[in-house]
Amino acid sequence: MSGVPNDGNIAVRFDSVSFSYSDAQVLENASFHIHRGEFAAMVGPNGSGKTTVLKLLLGLEIPRAGTIEIFGRRYANGVTRNKHDCNMAYVSQQMPSDNLFPIMVRDIVRMGFLQPLKGYSGDRATAARVMEEAGIADIALKSYRSLSGGQKRRALVARALAAKPDLLVLDEPAANMDADSEKRLYETLGSYKGKTTILIVTHDTEFVTVLTDRVLCLGDGSRSVVQHKTEIDTALQTREHHNLAGQEVRVLHGENVSGDDCCL
């Protein structure tokens, strides 16, 4: 019997998922879920399997066993996820760009209006609103190549939000960011909390923002995913370090967090 609840309010569900590269087992009977509108953090050291989970979630790999459901649609037994099945936006850790290509921040954001098989939709007013929410309205007409790393990351997040995703996945979103850029980023994400399902993936096992509803821990030696909800509530209340699956988690404060409980 699966330990993952049967709940129509679940956005992402991994149910007894196993995956290996040749003879190297990466995941074994991994089960976790994320509710619609939740802000979830997946933490674990490098090599713990975070990238594999992302590939499975994005449909770049398929599980050797078990099932994956995204907004109720199930993928298993060699059935791959079509990238058009749900409105998912992904912001990668790497930010490749051609420094010789002359494109403004505003145009980067408007790329989020491109829809598969439908072409371009959206206007400058919508782009302006998203840039305002992301705190980059003042650099809208700047060349993308002239931006700092933190500004580029926030521009890419704004592009993802312009697509109005049901699920937003960010890989190491605060990497190479200064404190001010990181603060602005999480203010932006906080404004979407409850409206968009957000998953942040990070190797910083000591980081959990106060926005977090659910923590998914990898790297405890069992090749599984351990998820926590009640423990995070406790950490938020006591404002102390908390041990999750053998990992010390530091909770960053400064925002209000919902007291609503979720099933485990």
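Check the entry above for the structure.
Note that residues are indexed from 1 along each chain, following the sequence as it is written. Local features in this predicted model are restricted to residues of pLDDT 70 or higher, and side-chain atom pairs are both shown and tallied only at a pLDDT of 80 or more, whereas totals for entire chains, interfaces and linings draw on every residue. To obtain the side-chain values, all non-hydrogen atoms of the structure were included, while hydrogens and water were left out.

## Notes on the overall build of the protein chain
Next, step 1: Only DSSP runs of H or I covering at least 4 residues are called helices, and only runs of E covering at least 2 are called strands; the numbering of each starts at the N terminus. Assigned secondary structure in the protein chain consists of 6 helices and 15 strands.
Next, step 2: With a 1.4 Å probe rolled over the protein chains alone, any residue whose accessible area is under 20% of its type maximum counts as buried; one over 50% counts as exposed, and the rest are partly exposed. For the protein chain, the proportion of its 264 residues judged to be buried stands at 47%.
Next, step 3: Sequence separation of 24 or more characterises 66% of the internal contacts of the protein chain that already satisfy a separation of 6 or more.
Next, step 4: To be clear on the numbers: accessible area is Shrake-Rupley with a 1.4 Å probe, and residue cover counts the displayed protein chains and nothing else. With an accessible surface of roughly 12,700 Å², the protein chain has 47% of that area assigned to carbon and sulfur atoms. Contacts are assigned to residue pairs that have any heavy atoms within 4.5 Å of one another.

## Regarding the sheet that holds strand S4 (residues 65-70)
Within a sheet, each strand pairs with its neighbour through backbone hydrogen bonds, oriented either parallel or antiparallel.
Next, step 1: If DSSP finds at least two bridges between two strands, the strands pair. Reading across the sheet, the 4 strands line up as S2-S1-S4-S5 and stay open at both edges, with antiparallel pairing between neighbours. The open sheet has two edge strands, strand S2 (24-35) and strand S5 (73-75), and neither has a second partner. Strand-to-strand twist across the sheet, computed as the mean angle between neighbouring axes with direction ignored, equals 20°.
Next, step 2: Bridge analysis of S4 against S5 gives 3 bridges, and the strand direction is antiparallel. Along S5, the bridge assignment pairs Ile 70 with Arg 73.
Next, step 3: Against the sheet, helix H1 (residues 50-58) makes contact with strand S1 (10-21), S2 and S4, and its axis sits at roughly 120° relative to S1, the strand it touches most. To obtain each axis, a line is fitted to C-alpha atoms, and for helices this fit is confined to the stretch in contact; angles are then taken between N-to-C directions over 0 to 180 degrees.

## Some words on the environment of Asn 46
Next, step 1: Looking at where Asn 46 falls in the secondary structure, it is placed in the loop between strand S3 (39-43) and H1.
Next, step 2: Take Asn 46: its relative accessible area is 65%, and that puts it in the exposed class.

## Examining the packing of helix H4 (residues 149-162) against helix H5 (residues 179-192)
A pair of packed helices is captured by two measures, namely the crossing angle of their axes and the spacing between those axes.
Next, step 1: Put simply, H4 and H5 touch, their axes get as near as 9 Å, and they point 10° apart. With respect to H5, the element H4 is oriented roughly parallel. Two packed elements cross with a definite hand, and for H4 against H5 that hand is left-handed. Across from Gly 150, Arg 154, Val 157 and Leu 161 in H4, the residues of H5 making contact are Ser 181, Arg 184, Leu 185, Thr 188, Leu 189 and Tyr 192.
Next, step 2: Basically, the charged four are Asp, Glu, Lys and Arg, the nonpolar ten are Ala, Val, Leu, Ile, Met, Phe, Trp, Tyr, Cys and Pro, and anything else, Gly included, counts as polar. Taken together, the residues that form the contact of H4 with H5 break down as 5 nonpolar, 3 polar and 2 charged. Roughly parallel here means an angle under 35 degrees, roughly antiparallel means over 145, roughly perpendicular means 65 to 115, and every remaining angle is called oblique. Left-handed describes a crossing whose near helix is turned anticlockwise from the far helix by less than a right angle; the clockwise case is right-handed.

## Things to note about the pattern of salt bridges
Next, step 1: What counts as a salt bridge is simple: a side-chain nitrogen of Lys or Arg found within 4 Å of a carboxyl oxygen of Asp or Glu. By the definition in use, this model includes 7 salt bridges.
Next, step 2: With a closest N to O distance of 3.2 Å, Arg 129 and Glu 133 form a salt bridge. In this pair, Arg 129 and Glu 133 both sit in helix H3 (residues 124-133), 4 residues apart, roughly one turn of the helix.
Next, step 3: On the accessibility criterion, Glu 133 (31% relative accessible area) is partly exposed.
Next, step 4: As a salt-bridge pair, Lys 193 and Asp 213 come within 2.7 Å of each other at their nearest N and O atoms. Of the two residues, Lys 193 sits in the loop between H5 and strand S10 (197-202) while Asp 213 sits in the loop between strand S11 (207-209) and strand S12 (214-217), which places them 20 residues apart along the sequence.
Next, step 5: The class of Asp 213 is buried, set by a relative accessible area of 11%.
Next, step 6: Here the residues in one salt-bridge network are Arg 13, Glu 69 and Arg 74, joined through shared partners.

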